[in-house]
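Understanding the architecture of this molecule
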Amino acid sequence: MRRTARSAIAVVFAAAALTSTTALPVAADDSLTIFDWSGYEIPEFHPGYVEKHGASPAFTFFGDEDEAFEKLRSGFKADLAHPCSQSVVKWRDAGLLQPLDTSRIAAWKDLDPGIMAMKDLATTPDGTAWFMPWEWGNSILTYNSEKIDEKDIQSLKALADPRFKDRVSIPDNVDDAYALAALAIGLKDWTKMTDEQFKQASDFLREVHKNVRVYWTDNTDIVQAMTGGEIDLAWAWTDASAQAVLAGAPIKTKADTAEGLSTWVCGYVLLKDAPGSADKAYDYLNSINSPDVAKFLLTDWGYGHADAKAMASLDPKVLAEKGYDDVEKFIDKTLFQSPLPAELKLRMIAEFEKIKAGY
């Protein structure tokens, strides 16, 4: 999951302005620090916080959740962080989180029932809340429509087709890579991946590796590669195509491949031993849940908001345009990136490093 660059201009210049794990406070209010994906620091996502406190919180950034996990385990301190569904259990089991007081989150009762029903995600079986879902979207086949005929990419297996050698990019992200691979071998529930299925998925990624020109690390990378003509076919997040189109490139997505797509949900957690203001942490969580924020998230980034009530308040035409008017259709034939068993995740991490190295 995650998810950067809100405009074409941001895509062009973000790489020069932001580097992963670099502490870059973007506002004066350092009594609250958010550990986040770059791009989410913009005040459009927390207008209520700015109105109440006169400034945004301080933000520090990570490139992916495994990097963030290691930094937190090494002693880095922040107040709130922004992991995605597949990482929450790992972070919680490592003792990095503290429970949320849901009585202080006004929209908690309005969060999407389907997302909240995901096993061992927002809450543990004893009812303790650890994770506030916030945004969700897809990892999806993305292509240059002037260079690739849609009829040639009816399957995700096209990413391994020798015709596309040196024209492909997939994320340098183990979760998205194995979500792709699981789909390609016909698996929709990756939490039940057998040893044989793991081998099949890994073998598929090895075939894709032969075509990969570059492994992208954030949306800046993949949007620049696709708009600049370096890459024609990619496995990318929902907003990559939206940003590429804003930049004037003929980039499209294909949601109806034979195998489908992957859906993820990300959100916020309260970190253990958070050094800042607890009151401001809850002010922030409340500020990001509103119809105005849901509208901005949907129209500018192409992501759904986890606040079902806020989503229901939006213009039906906008929801239809972005594909969120029929959620069942949106997630049809999807692999949901639910939390993985720790042992399986570690195997994926180790194997993906071998694959990228050519082994």
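Residues numbered from 1 in each chain as written. Predicted model: local features only at pLDDT ≥ 70, side-chain atom pairs only at ≥ 80, totals over all residues. Heavy atoms only, no water.

Counted by the stated rule, this structure contains 1 disulfide. With a sulfur-sulfur separation of 1.9 Å, cysteine 84 is cross-linked through a disulfide to cysteine 266. Here the S-S torsion is close to 90°, and the disulfide linking cysteine 84 with cysteine 266 is therefore right-handed. Of the two residues, cysteine 84 sits in the loop between β3 (80-81) and α4 (88-93) while cysteine 266 sits in strand β10 (residues 261-271), which places them 182 residues apart along the sequence. Given a relative accessible area of 0%, cysteine 84 falls into the buried group. A residue is classified by how much of its surface remains accessible, and cysteine 266, at 0% relative accessible area, is buried. (Disulfide = S-S within 2.5 Å. Helix = DSSP H or I, 4+ residues; strand = E, 2+ residues; numbered from the N terminus. Buried < 20%, exposed > 50% of the residue type's maximum accessible area, 1.4 Å probe, protein only.)

It is worth spelling out the confidence of the model for the chain at this point. In the predicted model, the chain carries a mean pLDDT of 88, and 91% of its residues have values of at least 70. Under a pLDDT of 50 for its full length, residues 3-27 has, in the predicted model, 67 contacts with residues more than four places off or in other chains. (pLDDT = per-residue confidence, 0-100. Contact = heavy atoms within 4.5 Å.)

Before going further, it helps to examine unusual backbone geometry. In terms of backbone geometry, most residues other than glycine have negative phi values and most peptide bonds are trans. The residue aspartate 166 is not glycine, and still its phi comes out positive at about 65°. The topology assignment puts aspartate 166 in the loop between β5 (132-144) and β6 (168-171). We classify aspartate 166 as partly exposed; its relative accessible area is 37%. Of note, the phi angle at aspartate 273 is positive, near 60°, even though the residue is not glycine. Since its relative accessible area comes to 51%, aspartate 273 is described here as exposed.

This paragraph deals with the pattern of salt bridges. In the structure shown here, the tally under the stated rule is 24 salt bridges. A salt bridge links aspartate 152 to lysine 151, with the shortest nitrogen-to-oxygen separation between them at 3.4 Å. Given the relative accessible area of 24%, aspartate 152 is considered partly exposed. Judged by its relative accessible area of 58%, lysine 151 falls in the exposed class. A salt bridge links arginine 163 to aspartate 161; the nearest nitrogen and oxygen atoms lie 2.9 Å apart. When salt bridges that share partners are traced, they join Asp66, Lys90, Asp175 and Lys345 into one network. (Salt bridge = Lys/Arg side-chain N within 4 Å of Asp/Glu carboxyl O.)

A complete count under the given rule lists 21 aromatic pairs for this structure. Measuring from ring centre to ring centre gives 5.0 Å for phenylalanine 35 and phenylalanine 62, while their planes differ by 75°; the resulting arrangement is edge-to-face. You can see phenylalanine 35 sitting in strand β1 (residues 29-37) and its partner phenylalanine 62 sitting in strand β2 (residues 57-62), a full 27 residues away along the chain. Accessibility assignment for this pair places phenylalanine 35 and phenylalanine 62 in one class, buried. Consider the rings of tryptophan 134 and tyrosine 268, whose centres lie 6.0 Å apart with planes at 70°: the pair is edge-to-face. Within this pair, whereas tryptophan 134 is found in strand β5, its partner tyrosine 268 is found in strand β10, the two being separated by 134 residues in sequence. Since its relative accessible area comes to 1%, tyrosine 268 is described here as buried. Here a set of aromatic residues connected by ring pairs shows up, and it is made of Tyr40, Phe45, Tyr49, Phe59, Phe61, Trp134, Trp264, Tyr268, Tyr284, Phe296, Trp301 and Tyr303. (Phe/Tyr/Trp six-rings, centres within 6.5 Å; stacked < 30°, edge-to-face > 60°.)

To continue, consider the side chain of histidine 305. Following the sequence through the fold, histidine 305 ends up in strand β11 (residues 304-305). For histidine 305, the side chain forms a polar contact with the side chain of tryptophan 134, separated by 3.1 Å. Once you skip the residues sitting within four places of it in the chain, histidine 305 turns out to touch Trp134, Trp136, Ile288, Asn289, Ser290, Val293, Ala294, Leu297 and Met311. (Polar contact = N/O pair within 3.5 Å; in protein donor to acceptor, adjacent residues only side chain to side chain.)

What follows deals with the packing of helix α6 (residues 174-184) against helix α15 (residues 342-356). Where α6 meets α15, the axes come as close as 10 Å, and the angle between the chain directions of the two elements is 90°. Between α6 and α15, the angle falls in the class roughly perpendicular. From α6, Val174, Asp175, Ala177 and Tyr178 reach across to α15, where they touch Lys345, Met348, Ile349, Glu351, Phe352 and Ile355. A class-by-class count of the residues in the contact of α6 with α15 yields 7 nonpolar, no polar and 3 charged. (Axes fitted to C-alpha atoms, helices over the stretch in contact; angles between N-to-C directions. Parallel < 35°, antiparallel > 145°, perpendicular 65-115°, else oblique. Nonpolar A, V, L, I, M, F, W, Y, C, P; charged D, E, K, R; others polar.)

Axis separation between helix α7 (residues 195-209) and α15 bottoms out at 10 Å; the angle between their running directions is 25°. One element, α7, and the other, α15, form an angle in the roughly parallel class. The hand of the α7/α15 crossing is right-handed. Contacts between α7 and α15 involve Asp195, Phe198, Ser202, Leu205, Arg206 and His209 from the first element and Leu344, Arg347, Met348, Glu351, Phe352, Lys354, Ile355 and Lys356 from the second. Within the contact of α7 with α15, the residues separate by chemical class into 6 nonpolar, 2 polar and 6 charged. (Left-handed = near helix turned anticlockwise from the far one by under 90°.)

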